[in-house]
Amino acid sequence: MSKVIAVANQKGGVGKTTSVMNLGAGLASAGKKVLLVDLDPQASLTLSLGYREPDKLEASVADIISRVVNDEDIPEGLGIIHVSDNMDLLPSNIQLSAVEVSMVNAMSRELVLRYYIEQAREKYDFILIDCMPSLGILTVNALASADSVLVPVQAAYLPVKGLQQLIKTIYTVKRRLNSRLSIEGILFTMVDRRTLYAKEIIEEVNEAYGKSIPVFSTEIPISVRASETSMVAKNIYDYDPKGKAASAYSALTQEVLKHGC
Ligand code: ADP
Ligand code: MG
């Protein structure tokens, strides 16, 4: 059984990419076969994993999507980069922006990525999709492909309004396109428990959503070391194994494993 998790929030800078990278590494080191899909034309995940010139890659997720749109065969392993033991990456680059525009007129445009993901499921235990900061057609494609959504929320500003919009989109996709879609959980990121503000926001989100939507008991603390990982192209366990962010991401990994498929 495989599980496909879309990591989504239309707000940028909330820790989506960092969470995909480190949850992915955690699951891989727990022995799971993991595919990370970069679905952001800005290619932050691809860059963070050390592929510094995404525009020069031979193939990327953009090629996959345009082949599905044009009903062309997808050669085995097209675009896949083997990053480390148990972990593959389907990278992205700026081409994805052009492909996104071309999807608008495609047949079943919301289900283009799902066609590919359904085949990829056979080879992996977990597929994590790093969404771009929008609720456009690519994110809807990710939600239509996924079993669940993980929603990183930065505990440093009032996120409630943006969350409502995201949750509405999730339920619309669930009703119309993908009835198995569930919410894996809200994940608080960049938490600074010393500030009253962070505590208030966490409480507020818990009050507004906690009864209807799961919230991870793990919180990701604010950490300079975590913010450096994309620059040094290392996951948090390799870069700062004894730090608080590494132990938080490792606890998150355990929670996700416990949720099961
Ligand atoms: P998104 O993918 O949602 O845009 P990122 O994962 O790229 O968000 O994170 C946004 C910025 O915050 C990046 O510069 C990243 O390095 C930094 N960051 C991520 N997690 C943490 C953390 N726990 N503590 C401090 N900075 C973080
Ligand atoms: Mg990102």
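Bear in mind the structure is a predicted one, so any value in this text is a computation, not a measurement. (Residues numbered from 1 in each chain as written. Chains lettered and ligands numbered in written order. Predicted model: local features only at pLDDT ≥ 70, side-chain atom pairs only at ≥ 80, totals over all residues. Heavy atoms only, no water.)

K.L.:
Honestly, the overall build of the protein chain in this entry has me stumped. Any pointers?
P.N.:
Scanning the protein chain for helices and strands turns up eleven helices and seven strands. Its C-alpha atoms give the protein chain a radius of gyration of 17 Å, near enough to 18 Å, the size a compact globule of 261 residues would have. Overall, the protein chain is about 55 × 40 × 30 Å in size when its C-alpha atoms are taken along their principal axes. For the protein chain, the proportion of its 261 residues judged to be buried stands at 53%. For the protein chain, contacts bridging at least 24 residues in sequence account for 79% of all contacts bridging at least 6. Summed over all atoms, the accessible surface of the protein chain reaches about 12000 Å², with 50% contributed by carbon and sulfur. (Helix = DSSP H or I, 4+ residues; strand = E, 2+ residues; numbered from the N terminus. Rg over C-alpha atoms; globule rule 2.2 N^0.38 Å. Buried < 20%, exposed > 50% of the residue type's maximum accessible area, 1.4 Å probe, protein only. Contact = heavy atoms within 4.5 Å. Areas by Shrake-Rupley, 256 points an atom, 1.4 Å probe, with all protein chains shown as cover.)

K.L.:
Help me understand the packing of aromatic side chains, please; the structure alone is not making it clear to me.
P.N.:
Given two aromatic rings, their pairing is described by the distance between the two centres and the angle made by the two planes. Under the counting rule described, the total for this entry stands at zero aromatic pairs. For the cation-ring pair, R225 lies above Y239, with the distance from its terminal atom to the ring centre recorded as 4.5 Å. (Phe/Tyr/Trp six-rings, centres within 6.5 Å; stacked < 30°, edge-to-face > 60°. Lys NZ or Arg CZ within 6 Å of the ring centre and 35° of its normal.)

K.L.:
Can you walk me through the packing of helix 3 (residues 61-69) against helix 4 (residues 95-103) in this structure?
P.N.:
One way to put it is that helix 3 packs onto helix 4 with a least axis distance of 9 Å and a crossing angle of 20°. Comparing the axis directions of helix 3 and helix 4 gives the class roughly parallel. In the packing of helix 3 onto helix 4, the handedness of the crossing is left-handed. Residues V61, A62, D63, I65, S66 and V69 of helix 3 form the contact with helix 4, whose participating residues are Q95, L96, V99 and M103. Grouping the constituent residues of the contact of helix 3 with helix 4 by class yields seven nonpolar, two polar and one charged. (Axes fitted to C-alpha atoms, helices over the stretch in contact; angles between N-to-C directions. Parallel < 35°, antiparallel > 145°, perpendicular 65-115°, else oblique. Left-handed = near helix turned anticlockwise from the far one by under 90°. Nonpolar A, V, L, I, M, F, W, Y, C, P; charged D, E, K, R; others polar.)

K.L.:
Please clarify how unusual backbone geometry should be interpreted in this entry.
P.N.:
What you tend to see is this: most non-glycine residues have negative phi, and most peptide bonds are trans. At S108, a residue that is not glycine, the phi angle is positive and equals roughly 45°. Counting through the fold element by element, S108 comes out in the loop between helix 4 and helix 5 (112-120). Looking at S108, the relative accessible area reads 46%, which means it is partly exposed. Of note, the phi angle at M190 is positive, near 50°, even though the residue is not glycine. Among the residues examined, M190 registers a relative accessible area of 28% and is labelled partly exposed.

K.L.:
Hey, could you run me through the side chain of T253 in this one?
P.N.:
Structurally, the position occupied by T253 is in helix 11 (residues 244-259). A residue is classified by how much of its surface remains accessible, and T253, at 2% relative accessible area, is buried.

K.L.:
Which parts of the structure should I look at to understand the site of ligand 1?
P.N.:
Taken together, 14 residues are adjacent to ligand 1, and G13, K16, T17, T18 and S223 come closest. Here an oxygen atom of ligand 1 and a backbone polar atom of G15 are 3.0 Å apart. Within the side chain of K16, a nitrogen or oxygen atom sits 2.9 Å from an oxygen atom of ligand 1. Here ligand 1 loses 77% of its free accessible area of 560 Å² to cover by the protein chains. When atoms are counted within 2 Å of each cavity's grid points, the one that captures over half of ligand 1 is the largest pocket. Secondary structure elements with two or more residues in the shell around ligand 1: helix 1 (16-29) and helix 9 (224-232). A per-element tally of the shell around ligand 1 places helix 1 first, with three residues. Looking at the shell around ligand 1 residue by residue, the class counts come to six nonpolar, seven polar and one charged. (Near = heavy atom within 4 Å. Polar contact = N/O pair within 3.5 Å; in protein donor to acceptor, adjacent residues only side chain to side chain. 1 Å grid on protein atoms, 1.4 Å probe; cavity = no way out; pocket = protein on both sides within 12 Å on 5 of 7 lines; lining within 4 Å. Sits in = over half its atoms within 2 Å of the grid points.)

K.L.:
I would appreciate a short explanation of helix 5 in the present structure.
P.N.:
Residue pairs spaced three or four apart in an α-helix point in one direction, given the helix's 3.6 residues per turn. The set of residues buried in helix 5 consists of V112, L113, Y116, I117 and A120. Buried residues along helix 5 cover an arc of 115° about the axis, so they all sit on one side. (Arc of directions from axis to C-beta.)

K.L.:
Sorry, what's going on with the environment of V101 here?
P.N.:
Summarising the element assignment, V101 is placed in helix 4. Sequence separation between V101 and I137 is 36 residues; the distance between their C-alpha atoms is 9.0 Å.

Geometry only, nothing functional implied.
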